[in-house]
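# Structural description and commentary
Given next are the chains, with one letter for each unit.
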Amino acid sequence: MIKKRLLDLLKEEKKYIYSQVIWKYLQFICRVLIIYMITGLLMDILSDSNRVYWGGMVNNYMLPISIMALIRFFAFKMEARDAFLASADIKKTLRKKVYEKLLSLGISYKKYISKAELTQISTEGVEQLEVYFGKYLSQLIYSISAPVVLFIILLRANVKSSIVLFVMVPLLPLSIFAVQTIANKLLGKYWEKYANLSDSFLNSVEGLTTLKIYSRDEERARVLDEEAEGFRKITMKVLIMQLNSIIVMDTFSYGGAAVGIAVALSEFFKGKTTLQGTLMIILLSAEFFLPLRKLGSYFHIALNGMAASDRIFRFLDIPEEEEKNADVDLNDLNFKITELSFTYDEGKSEALKNINLDFKSGTFLSVVGRSGCGKSTLAKILTGENKNYQGSIKIGNVELSDISSKRLAELFTYCTYNSYIFKGTIRENLLLGDTAATEVAMYEALQKVRLYDFVKRNKEGLDFKISEKASNLSGGQRQRLAIARALLHDTPFYIFDEAASNVDIESEECIMNAFKALCPQKTVIFISHRIKNTIDSDMIIMLRDGEVIETGTYKELDKLGYEFHDLAVQQLELESYGNGKRREREEKLDDSIELETMDESFEGGERHE
């Protein structure tokens, strides 16, 4: 069982495979010599030879046997070392390839593989190949050739016994390959169920709060139990298959050795072989089968690694975009969008339809519209996450689709309402935006998003420890930290997609000022559902059902009196209503407090009188 594509990954690792074979043969030779000396010693004892005295026994037998044992031990340690080096190198190579593939796919990788499966193949999937490269390949080479060498050695002892043992050897690999077809199908199902269970588990953990809110945690637990039971059953089938194959291999291994021993004894009683030759055959008969038996024990683990490698190669084979060398002239960053359309799935309605836009660099552009109108879809097209759009998007004279993902990342900073905050420190998260940022620059960015006081209040300052998924920060703090990080990332274009949606009114005002301050040096594309935040925009684009229905400044669109105006009025009325209700509650609360105070004063006066 050799997969050529896996072998093609071997470069420096090949020397470790070959060196393992050499160490195995050295152990094998030492074992044969030790047995030869032991049988020679027995023959001398039986024949009452003069060689069997203490000094002669030490010099002729014990010393050479000890030396052979030490050499064999050294060879065993060297084999283990080379096995480790081979597996460590190949694991590093595979993980590097998975990482490079992720980089080449960019932020669009999520369309092809789930987070759970990606984690699985790059960790446990790669680990499963450790046995294949560290032990299986060298054992395969050794197992094929070792019986031939042993056959040649034992021919001098007895031809018939050697032939019988040699002829029975192929029965063992045949039994191994007989189960390979069944094992391949079984392990394919095993990894599929494993990946599905991992996806469901990760999804359930991430959505546990939501499940609790809607009292659906028990229902989801039952679903997970069913999937776990399916995985348990397929695991048991794999184990049963492995156990049965081991029984078959042991039957052929020890049965074959027993047949060889029986023939050797028969030949000895017929006087056709010497006692020493018979003892050699008896003691070495198992060596015809043990290498292949050991190979069989690695076989199932290696087969599991093969199934894992199929999933790894399926990910590595995801078609990549052609190499794109088009670059943007930083002196010409004007945008021209012509007849832009986009569909997520063929046959479904278009998310964007025939959009035509033209705006200059240094513009503060606002994109507004009701939920589901295509605002975020447009942002993801510009950043390269949504590919295969129809129409044309040009930055200067360069088509967006001709720019590489890496270059797009250097041109655009994309900040959303749920930008990820990493476990670590505030400093480490900010340095993601600019690795060369000074503390002064970091504090300035935090000041712009009203997070400066929070950081300064903590003794750790910028080294304040952030928990996993920033669970020790509020939703608003997480969002403001993400915006501060984005502000440190110096790029020609900034896209803020509902980036200030979870912050308080005072912070929102400061953040909007920070966004506006980026212009006219930078181009800002601001996506928001709040019309109020678009007042100072150079241009506003109103979307509905994926189409641009209005464009202009706030005053121009408000004067038109169409959908933008209606949406602005609705939001203003809602805010006024909310503010009125808030004032009403505050007034009632103040009246209540005043009455309580008067009651207390009256009761106190009564007591005083």
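Computed from a prediction, not measured in an experiment: that's the story for all the values here.

What follows deals with the overall build of the protein. Helix and strand counts for the protein stand at 20 helices and 12 strands. For the protein, the residues scored as buried account for 46% of the 609 residues in total. With an accessible surface of roughly 33300 Å², the protein has 56% of that area assigned to carbon and sulfur atoms.

As a further point, take the pattern of salt bridges. What the rule picks out here adds up to 19 salt bridges. A salt bridge links Glu 127 to Arg 95; the shortest N-O distance between them is 3.0 Å. Highlighted residues: Glu 127 in helix H4 (residues 115–154) and Arg 95 in helix H3 (residues 54–105), separated in sequence by 32 residues. According to the relative accessible area criterion, Arg 95 is partly exposed, its value standing at 31%.

Bringing the packing of helix H2 (residues 13–46) against H4 into the picture now. Direction vectors running N to C along H2 and H4 enclose 40°, while the axes themselves pass 9 Å from each other. Relative to H4, the element H2 is oriented oblique. Considering how the two elements wind past one another, H2 and H4 form a crossing that is right-handed.

Applying the stated rule across the entire model yields 2 cavities of 30 Å³ or more. What lines the largest cavity is Ile 337, Leu 357, Phe 359, Leu 365, Val 367, Leu 378, Ala 379, Leu 382, Ile 495, Ile 525, Ile 527 and Ile 541. Broken down by secondary-structure element, the contributors of at least two residues to the lining of the largest cavity are strand E2 (352–359), strand E3 (364–369), helix H12 (375–382) and strand E10 (523–527). Of the residues belonging to the lining of the largest cavity, the class tally is 12 nonpolar, no polar and no charged. Here the second largest cavity defines a volume of roughly 40 Å³. Lining of the second largest cavity is provided by Glu 498, Ala 499, Ala 500, Ser 501, Glu 508, Phe 526, Ser 528, His 529, Arg 530 and Asn 533. Considered class by class, the residues forming the lining of the second largest cavity number 3 nonpolar, 4 polar and 3 charged.

Backbone-to-backbone hydrogen bonds join strands into a sheet, with any given pair of strands oriented parallel or antiparallel. Spatially, the 6 strands line up as an open sheet ordered E6-E9-E10-E3-E11-E12, and their pairing is mixed. Looking at which strands have only one partner, the edges of the open sheet turn out to be strand E6 (412–416) and strand E12 (547–552). On average, each strand axis in the sheet is tilted by 15° relative to the strand beside it, whichever way the strands run. Relative to strand E11 (residues 539–544), E3 runs parallel, the two sharing 5 bridges. Each residue of the ladder has a partner; that of Ser 366, found in E11, is Ile 540. Packing of H12 onto the sheet brings it into contact with E3, E6, strand E9 (493–497), E10 and E11, and relative to E6 it is tilted by some 150°.

Side chains of Lys 185, Lys 189, Lys 193, Lys 233 and Lys 237 sit close together on the surface and give a patch of like positive charge. The set of elements that each furnish at least two residues to the positive patch consists of helix H7 (180–206) and helix H9 (217–269). Per-element tally for the positive patch: the top contributor is H7, with 3 residues. On the basis of relative accessible area, Lys 193 is assigned to the partly exposed category, the value being 38%.

Attention shifts here to the sheet that holds strand E5 (residues 398–399). Strand order in this open sheet of 4 strands is E2-E1-E4-E5, and the pairing throughout is antiparallel. Since the sheet does not close on itself, it has two edges, and those belong to E2 and E5, each with one partner. Alignment of strand E1 (residues 335–342) against E2, held across 5 bridges, turns out to be antiparallel. What sits directly across from Phe 342, in E2, is Leu 352.

What follows is about the layout of surface pockets. Over the atoms, a rolling probe the size of a water molecule traces out where space has been left empty. Of the voids in this model, the second largest pocket is the one considered here, and its volume is about 490 Å³. Considering the residues around the second largest pocket, the lining is formed by 19 residues, among which Asn 418, Ser 419, Tyr 420, Lys 469 and Arg 478 are closest to the centre. At the level of secondary structure, the elements contributing two or more residues to the lining of the second largest pocket comprise H7 and helix H17 (475–488). Element by element, the count of residues in the lining of the second largest pocket is highest for H17, at 4 residues.

Bringing the pairing of E3 into the picture now. Burial runs high along E3: 6 of the 6 residues are buried. Across the two faces of E3 the burial is the same, with Phe 364, Ser 366 and Val 368 and Leu 365, Val 367 and Gly 369 all buried.

For H9, built from 53 residues, the straight-helix expectation of 78 Å at 1.5 Å per residue is met to within 8% by its first-to-last C-alpha distance of 76 Å. Phi for Gly 271, located one or two positions after H9, is positive at around 80°.

The rules we used
- Residues numbered from 1 in each chain as written.
- Predicted model: local features only at pLDDT ≥ 70, side-chain atom pairs only at ≥ 80, totals over all residues.
- Heavy atoms only, no water.
- Helix = DSSP H or I, 4+ residues; strand = E, 2+ residues; numbered from the N terminus.
- Buried < 20%, exposed > 50% of the residue type's maximum accessible area, 1.4 Å probe, protein only.
- Areas by Shrake-Rupley, 256 points an atom, 1.4 Å probe, with all protein chains shown as cover.
- Salt bridge = Lys/Arg side-chain N within 4 Å of Asp/Glu carboxyl O.
- Axes fitted to C-alpha atoms, helices over the stretch in contact; angles between N-to-C directions.
- Parallel < 35°, antiparallel > 145°, perpendicular 65-115°, else oblique.
- Left-handed = near helix turned anticlockwise from the far one by under 90°.
- 1 Å grid on protein atoms, 1.4 Å probe; cavity = no way out; pocket = protein on both sides within 12 Å on 5 of 7 lines; lining within 4 Å.
- Points joined across faces, edges and corners; volume = space filled by probe spheres on them.
- Nonpolar A, V, L, I, M, F, W, Y, C, P; charged D, E, K, R; others polar.
- Pairing = 2+ DSSP bridges.
- Contact = heavy atoms within 4.5 Å.
- Patch = residues over 30% accessible without salt bridge, like charges linked within 9 Å, V, L, I, M, F, W, Y side chains within 5 Å.
- Lys, Arg positive; Asp, Glu negative; His and termini not counted.
- Charge placed at Lys NZ, Arg CZ, Asp CG, Glu CD.
- Expected span 1.5 Å × (residues − 1).

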